[in-house]
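Single-letter residue listing:
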Amino acid sequence: MERELTDVHCQGCGAILQSDNPKQVGYVPAKAKKQISCQRCFRIRHYNDIAPVTQDQDEYLRILQGIAKTDSLVVQVIDLFDLEGSWIPGIHRHIGQNQLLLLANKFDVFPKSVKWGRMKDWVREYAKDRGISPVDVIPISATKGERIAEAVEAIEHHRRGRDVYIVGASNVGKSTFLNRLIRDFSDLEEEITTSPYPGTTLDAIQIPLDDGESIYDTPGIMLNNRMTEQVHPKDLPSILPTAPINSHVYQLQQEQTLFFGGLARFDFLEGEKQPFITYMANQLYIHRTKLEKADLLYQEQKGKLLVPPTEEGALRPWKEHNFTIGGKGKQDLVISGLGWIRLRGDRARVRLYAPEGVQVLLRPAIV
Ligand SMILES: Nc1nc2c(ncn2[C@@H]2O[C@H](COP(=O)(O)OP(=O)(O)OP(=O)(O)O)[C@@H](O)[C@H]2O)c(=O)[nH]1
Ligand SMILES: [Mg+2]
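All figures in this text were calculated on a predicted structure; none of them were measured in a lab. For every chain, the first residue of its written sequence is number 1, and the numbers climb from 1 along that sequence. Numbering of ligands from 1 and lettering of chains from A proceed in the order in which they are written. pLDDT decides what is reported in this predicted model: residues at 70 or higher carry local features, side-chain atom pairs at 80 or more are listed and counted, and totals for whole chains, interfaces and linings draw on all residues regardless.

*Asks:* Help me get a handle on the sheet that holds strand S12 (residues 318–325), residues and values and all.
*Replies:* In this analysis, strands are considered paired if DSSP registers two or more bridges between them. Helix and strand labels come from DSSP, where a helix needs a run of H or I of at least four residues and a strand needs a run of E of at least two; each type is numbered from the N terminus. The antiparallel open sheet is built from five strands, whose spatial order is S11-S8-S9-S15-S12. Both edges of this open sheet fall to strand S11 (286–290) and S12, since each of them pairs with a single strand only. Direction aside, the axes of adjacent strands within the sheet are offset by 20 degrees on average. For strand S9 (residues 264–271) and strand S15 (residues 348–355), the ladder comprises six bridges, and the chain directions are antiparallel. Fitting a line to C-alpha atoms yields each axis, with helices limited to the stretch in contact; the angle taken between N-to-C directions then spans 0 to 180 degrees.

Shown next as structure tokens:
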């Protein structure tokens, strides 16, 4: 990728370092001129600062288009907990003639019973349905360090002496994965900044490889169809799973309701009594009630009993999604970024409320 040689980039987030404007990205105080990372990175690392930056989609597309013109291996990282939400729409248009390797990250949040091969097949099928034949699909856990060696081997094998670009939606764990590589496979010292909030990496970050080529971290594209990007950053820890998710079985009668904090609502409108199994972050509060009480409860308890959201006005108004189930086997009703509800496939009429713009969909059950 072409770069102005005069610019010095922050080693934590890739932004161009500058001492003119503390409010702009890449700021380092003039007296700390020798620093190799910016004040924002320092604050994220040492104070867990929330430092959202409004990202320019054009800037992101410019980086992707730059990659399409190179002869390289493109590695797309996706988030297994939110495959549909973290997929880059039209990725095949962005990579040009280059081969694509898929790293399916955050495997650690699945219950132990979920098989690795199952995840691999699922992601491969998903890619195939979108016109992509990846050279390989490798489920990994960047935080737990699982299957990293395998990913490295696959990258080495498929890059055939070329540069490597790590791409993906924001917050899928691209930088966390690269830090693993830096720590375990190199003698470099500086690490890339990571954080629980989307939009951490701001520009491409170059990491040299032994043969003179490079591997690049890139800023993640912001995809507003995920609950994780709609909630206030303060509420993110309430919905992001960090440990294997414990599923919860709810035996519901018709006309019963589940609230997922105050973020979404599931109504079992009609059908025989049956189990509904939720797969969401363990710390998320789920409240069960009767359908007839649900409206009033929401009015009175939103932001009190039904949290998150804790911040007034942070979420878009709810949109209603109606589904008639039956005859298709077990299915997942997915709320992008929040998790999913497994339906046994019995005949049922259900309704889901989620903030406008958050992707809601049915898929064959994956667990
Ligand atoms: N559970 C789990 N969390 C992970 C894993 N990898 C990364 N994370 C978490 O995901 C969040 C985002 O990680 P980053 O590495 O900053 O993500 P990114 O893709 O570089 O994000 P941007 O720079 O915003 O595009 C952090 O809270 C990480 O700890 C993983 O394997 N499992
Ligand atoms: Mg990053």
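*Asks:* Residues and numbers for the environment of Leu 297, please.
*Replies:* With respect to the helices and strands, the residue Leu 297 is situated in helix H10 (residues 291–301). The exposure class assigned to Leu 297 is partly exposed, which follows from the 18 C-beta atoms found within 10 Å. Residues Leu 297 and Phe 259, spaced 38 residues apart in sequence, show a C-alpha to C-alpha distance of 9.9 Å. Residue burial is a threshold on neighbouring C-beta atoms within 10 Å of the residue's own C-beta, all placed from the backbone, with 20 or more meaning buried, 12 or fewer meaning exposed, and counts in between meaning partly exposed.

*Asks:* Residues and numbers for the site of ligand 1, please.
*Replies:* Each residue receives a C-beta atom built from its backbone; the residue is near a molecule or strand if that atom lies within 6 Å of it. Taken together, 25 residues are adjacent to ligand 1, and Gly 173, Ser 175, Thr 194, Thr 201 and Gly 220 come closest. The classification used treats Ala, Val, Leu, Ile, Met, Phe, Trp, Tyr, Cys and Pro as nonpolar, Asp, Glu, Lys and Arg as charged, and all other residues, Gly among them, as polar. Its residues assigned to classes, the shell around ligand 1 shows six nonpolar, 16 polar and three charged.

*Asks:* Describe in detail the pairing of strand S1 (residues 72–79), supporting the description with residues and values.
*Replies:* With respect to burial, S1 is a largely interior element, eight of its eight residues being buried. Along S1, one buried face is formed by Ser 72, Val 74, Gln 76 and Ile 78 and the opposite face, lined by Leu 73, Val 75, Val 77 and Asp 79, is buried too. As paired strands, S1 and strand S4 (residues 163–168) are joined by six bridges and run parallel to one another. Note that in S4 the partner of Val 77 across the bridge is Gly 168. Looking at chain direction, S1 and strand S2 (residues 99–105) are connected through seven bridges and run parallel.

*Asks:* Describe the pairing of S2, and please don't skip the residues or the numbers.
*Replies:* Burial within S2 is extensive, with six of its seven residues counted as buried. Both S2 and strand S3 (residues 136–139) contribute to a ladder of four bridges, which runs parallel. The residue bridging Ala 104 from the neighbouring strand is Pro 139, located in S3. Here, the term right-handed applies to a crossover whose path from the first strand over the helix to the second runs clockwise when the strands point away from the viewer. For the crossover that starts at S2, traverses helix H5 (residues 116–129) and ends in the parallel S3, the hand is right-handed.

*Asks:* Before we move on, could you go through the sheet that holds strand S10 (residues 274–280) and cite the residues and values that matter?
*Replies:* The strand order across the open sheet built from five strands is S7-S10-S14-S13-S16, with neighbouring strands paired in antiparallel fashion. Strand pairing shows two members of the sheet lacking a second neighbour, strand S7 (248–252) and strand S16 (360–364), which therefore form its edges. On average, each strand axis in the sheet is inclined to that of its neighbour by 25 degrees, with strand direction left out of account. Note that strand S13 (residues 331–335) and S16 share five bridges and pair antiparallel. Bridged to Asp 332 within S16 is Arg 363.

*Asks:* If you had to explain the confidence of the model for the protein to someone new, which residues and values would you point to?
*Replies:* With 98% of its residues at a pLDDT of 70 or more, the protein shows a mean pLDDT of 93. Confidence per residue, as judged by the predictor, is encoded in pLDDT with a range of 0 to 100. Residue pairs are scored as contacts if the distance between their C-beta atoms, which are placed from the backbone, is within 7 Å. Here residues 1–5 is modelled with pLDDT under 50, and outside its nearest four sequence neighbours on either side it reaches three contacts, counting other chains as well.

*Asks:* Can you break down the domain arrangement of the protein residue by residue, with the values?
*Replies:* Partitioning the protein into domains gives domain 1 (30–223) and domain 2 (236–364). For domain 1 and domain 2, the distance between their C-alpha centroids amounts to 30 Å. Taken together, the contact pairs eleven residues of domain 1 with twelve residues of domain 2. For the side of domain 1 that touches domain 2, the per-class residue count stands at six nonpolar, one polar and four charged. Residue ranges for the domains trace back to a domain assignment, done automatically or taken from a database.

*Asks:* Could you give an account of the nonpolar core, naming the residues involved and the relevant values?
*Replies:* Only buried residues count toward a nonpolar core: Ala, Val, Leu, Ile, Met, Phe, Trp, Tyr and Cys, linked into one set through C-beta atoms within 7 Å. Of all hydrophobic cores here, the largest spans 80 residues; its most connected members are Val 75, Leu 102, Leu 103, Ala 104, Ile 166 and Ile 335. Taken domain by domain, the makeup of this core includes at least three residues from each of domain 1 (30–223) and domain 2 (236–364). In this structure, Val 25, Cys 41, Ala 51 and Leu 202 belong to the second largest nonpolar core, which totals ten residues.

*Asks:* Got a sec to walk through unusual backbone geometry? Specific residues and values, please.
*Replies:* Leaving glycine aside, a negative phi is the common case for residues, and trans is the common case for peptide bonds. The peptide bond linking Val 307 to Pro 308 adopts the cis configuration, its omega dihedral lying at -15 degrees. Checked against the element boundaries, Pro 308 lands in the loop between H10 and S12. One non-glycine residue, Arg 160, adopts positive backbone phi at about 40 degrees. With respect to the helices, strands and loops of the structure, Arg 160 is situated in the loop between helix H6 (148–159) and S4. The backbone of Glu 255 shows a phi angle near 65 degrees, a positive value even though the residue is not glycine. Locating Glu 255 in the fold gives a position in the loop between S7 and strand S8 (256–260).

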